[in-house]
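Descriptive analysis of the structure
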Amino acid sequence: MMASIQPRKVPYFLTGPGVIFFAALLGAPMVMTLLLSLHSYDFNTGIQPDWTLANYVEVLGDSYFQKIFGRTFGLALLVTVICVLIGVPEAYVLSRLSSRWRSVFLLVVLGPLLISVVVRTLGWALFFGGNGVLTMTAQALGFGDEPVSLMFTFTGMTIALVHVLVPFMVISVWASLQKIDPQSEDAGLSLGASKMTVLRRITLPQAMPGILSGSIIVFALTASAFATPAIIGGRRMKVVATAAYDEYLSTLNWPLGATIAILLLLANIGIIVSYNKLIERRFAKVFE
Amino acid sequence: MSFLIFETLNKKFGDFVAVRDMSLSVERGEFISLLGPSGCGKTTTLQMVAGLLPPTSGRIVLDGKDITKTPPNQRGLGIVFQSYALFPHMTATDNVAFGLEMRGVGKAERTDRARGALDQVKLGQFVDRYPKDMSGGQRQRVALARALVIEPPVLLLDEPLSNLDAKLREEMRIELRLLQQDIGVTTILVTHDQEEALSMSDRIVVMQQGDVAQIAAPLDLYERPTNTFVSDFVGKTNLIQGQITGDNEVNVDGTRVSVDTLAHTHGSSVTLSIRPEKFQMSDDPSGHEVRVEAAIFLGASWLYRVKGSMGDLFVTQPNTGSAGYAKGDVAWLGWPEGALTLFKGAQ
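Each chain carries its own residue numbering, running from 1 in the written order of its sequence. All chains are assigned letters beginning at A, and all ligands numbers beginning at 1, according to the order in which they are written. Totals for whole chains, interfaces and linings use every residue, but because this is a predicted model, local features are given only for residues with pLDDT of at least 70 and side-chain atom pairs only at 80 or more, for both listing and counting. Derived side-chain values reflect all non-hydrogen atoms in the structure, with water molecules and hydrogen atoms excluded from consideration.

Digging into the sheet that holds strand β7 (residues 154-158) of chain B
Residues and elements named next belong to chain B. DSSP calls a pair of strands paired once it identifies at least 2 bridges connecting them. The way it works is that DSSP assigns letters per residue, a run of H or I at least four long becomes a helix, a run of E at least two long becomes a strand, and they are numbered from the N terminus. The sheet built from 6 strands is open, its strands ordered β6-β7-β8-β3-β9-β10 with mixed pairing. The open sheet has two edge strands with one neighbour each: β6 (78-80) and β10 (211-216). Taking each pair of neighbouring strands and ignoring which way they run, the sheet shows an average axis angle of 15°. Where strand β9 (residues 203-208) lies against β10, 5 bridges are found, and the strand directions are antiparallel. In the sheet register, V205 faces β10, and the bridge partner there is I215. Against the sheet, helix α1 (residues 42-50) touches β3 (31-35), β6, β7, β8 (186-191) and β9, its axis set at about 145° to β7. Axis lines are fitted through C-alpha atoms, for helices just across the contact stretch, and the angle between N-to-C directions can take any value from 0 to 180 degrees. Contact between two residues is taken to exist if any of their heavy atoms lie within 4.5 Å; hydrogens are not considered.

Structure (structure tokens):
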């Protein structure tokens, strides 16, 4: 005999499993990380049972960490801009293809998502390495005998991350292009606008919500990316995520690693929330 | 020479013929409706005039100039789309001013003229609204103002009223027609709504599966359809099968009906068409005896379905204030001379 549940409680029961799942697997580790970051660390005796903000003072005050944070958000910004430049035209072309070609090219665009990030990045590593494809090509073309390597460089990281993240931009922009009334472009033409003007004044502004939400996704994923910077950037070109990893596993200074992780989270939330507010203020009155 | 001429326009999509040998001459200031069921080619025709679809063959001549190959952004025609196709990221004023901006009109002047156009369609208070904050009727008016402000030689309307509710639609018909006559702009309206076409047009082009079924003024089209498709599609009608059995006599399942048979040969099958409101229904036992099978009160009139020796018929009678016939009543139908139209062949 099944006990009947009051209708009012149904939503709680339905969302319960999800809430418990996230509380246990996401909430708890985050709270533990936060608590961990408030302890000090001694190289001889390990984590101390005290409460202090010393770790935060250290990370925020140290030019070494400042440089890593600066590099991370610079990288995130650059990757986002390049993804916009590549992804928006790509999505526009996709939306203009006949339905048969569109499904083929959607698969081409989204296909990489089916392959592990690590595998894709290792592919780039083979390509970028000192005796990789890039070097061989450069030598074959007569650019000298020096090996051309993009390993452990900012450029290399940027290229690999753009490759990993551009599909997210394409999907996001494509979704908002799908929502545009194709007749609004015809209306633009009939009112005397050239095709370029229609694209710039009619189509692009209507795709803006997709471009902006795609930017948020790409920015957030780049700022917290680990696998690609770890493989391409390595120890020489650290970003925040890899720096936190090193504190945990190489230096064993868990409290400092936790501090870095918490600061990354806060910075990410801060940037995304304020960006989102900006967008909402700009577009809420235009789009439903 | 006419203002706008279609010369044997054809449009094929693969093997499918959307428009076949369409020819039409439109006078300056005329209001023409393209009327037909969905898939009859009326929207395709409009898109060819707009330049959004190239015709497979044929020519379009506007004011003596062949515009068949002119791109849409150089035709300068005003178009109101079925979805209105307003620019959602622009205010009403910016929407209307867009066409003027493309013509290089300065900012102050185009804002002025856009507001004037919005005033003209009674949207003076809504100049700074975005489309999403407007009702369907208001959006429709913005679309109309946007099409008219550029002072186009021809205004193209693609089912502009179909997304409005019934009451608003009727008001807009009258308003649109008055505005069009006021401005004197040559207008082509695409619609599947025969009432809309009848109430607004100078002439109506009825289309059927890519062909022109008839071109006529509204009253002519209604009173003198040239084929059963038009008589059935425009207004309601009763189509009755019969055979010509003598001079001015048609046999309908044993009932003899007298009608002018001049243009038809003896013994051939014909279809009679009579509009429901042409019948006179009375208790006076003369004429065609019928039994009332259903009676529906419509306010201004009664609609009956009756059965007699000529089969099932629809009859409309004006509401005179007294009770109408009820189901099961017996009544007699008469009709004036000329109410019956004869078409060749069985339906």
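Digging into the sheet that holds strand β16 (residues 288-297) of chain B
To summarise the sheet geometry, strands pair through backbone hydrogen bonds and adopt either a parallel or an antiparallel arrangement. All names here are of chain B. Here 5 strands make up an open sheet; going across it, the order is β15-β19-β16-β17-β18 and the pairing antiparallel. Where the open sheet ends on each side, the last strands, each with one partner, are β15 (280-282) and β18 (311-318). The mean angle between the axes of side-by-side strands here comes to 45°, regardless of whether they run parallel or antiparallel. Of the strand pairs in this sheet, β16 and strand β19 (residues 330-334) are connected by 4 bridges, and their pairing is antiparallel. Counterpart to R291 in the pairing with β19 is V330.

Quick look at the environment of D21 of chain B
Residues and elements named next belong to chain B. As for its placement among the helices and strands, D21 is situated in strand β2 (residues 16-26). Classification of residues uses two cut-offs on accessible area relative to the type maximum, computed with a 1.4 Å probe and protein chains only: under 20% is buried, over 50% is exposed, and between them is partly exposed. In this structure D21 comes out as partly exposed when scored by relative accessible area, which is 49%. When the C-alpha atoms of D21 and K11 are compared, they prove to be 8.8 Å apart, with 10 residues separating the residues in sequence. Under this definition, polar contacts are N or O atom pairs within 3.5 Å; protein pairs additionally need one hydrogen-donor-capable and one acceptor-capable atom, and for neighbouring residues in sequence, both atoms have to be side-chain atoms. Polar contacts involving the side chain of D21 include one to the side chain of N10, which spans 3.0 Å.

Here we look at empty space enclosed by the protein
Of the grid points, spaced at 1 Å and generated over the protein atoms alone, those admitting a 1.4 Å probe that cannot get out make up cavities, while open sets with protein on both sides within 12 Å along at least five of seven lines make up pockets; any residue with an atom within 4 Å of a point is treated as lining. Grid points are joined across faces, edges and corners, and a volume is the space filled by probe spheres set on the points. Counted according to the given criterion, the structure contains 4 cavities of 30 Å³ or more. If you add up the space inside the largest cavity, you get close to 80 Å³. Listing elements by their share of the lining of the largest cavity, those giving two or more residues are α7 (218-223) and β14 (269-274) of chain B. Charged residues are taken to be Asp, Glu, Lys and Arg, nonpolar residues to be Ala, Val, Leu, Ile, Met, Phe, Trp, Tyr, Cys and Pro, and polar residues to be all remaining types, Gly included. Its residues assigned to classes, the lining of the largest cavity shows 4 nonpolar, 4 polar and 3 charged. Mapped onto the domain boundaries, the lining of the largest cavity takes at least three residues apiece from domain 1 (4-230) and domain 2 (236-344) of chain B. Contributions of two or more residues to the lining of the second largest cavity are made by α8 (182-190) of chain A together with α1 and β7 of chain B. Among the elements that make up the lining of the second largest cavity, the one with the highest residue count is α1 of chain B (3 residues). Domain limits in this description derive from either an automatic procedure or a database domain assignment.

Describing the interface of chain B and chain A
Between chain B and chain A, the contact holds 25 residues from the first and 23 residues from the second. Accessible area that two parts lose when put together, with a 1.4 Å probe and added across both, is what the buried area reports. A buried area of about 2,100 Å², summed over both sides, lies between chain B and chain A, and 62% of it is on carbon and sulfur atoms. Sorting the residues of chain B by area buried against chain A places N73, H89 and K132 of chain B first, and these three jointly supply 28% of that buried surface. The working definition used for a salt bridge is a side-chain nitrogen of Lys or Arg within 4 Å of a carboxyl oxygen of Asp or Glu. In this assembly, chain B and chain A are joined by 1 salt bridge. A salt bridge links E101 of chain B to R201 of chain A; the shortest N-O distance between them is 2.8 Å. Across the chain B-chain A interface, the total number found is 6 residue pairs in polar contact (both at pLDDT 80 or more). A total of 4 residues in the side of chain B that touches chain A trace back to one element, the largest contributor, which is helix α2 (residues 92-102) of chain B. For the side of chain B that touches chain A, the per-class residue count stands at 14 nonpolar, 5 polar and 6 charged.

Any functional reading would require information beyond the geometric quantities listed.
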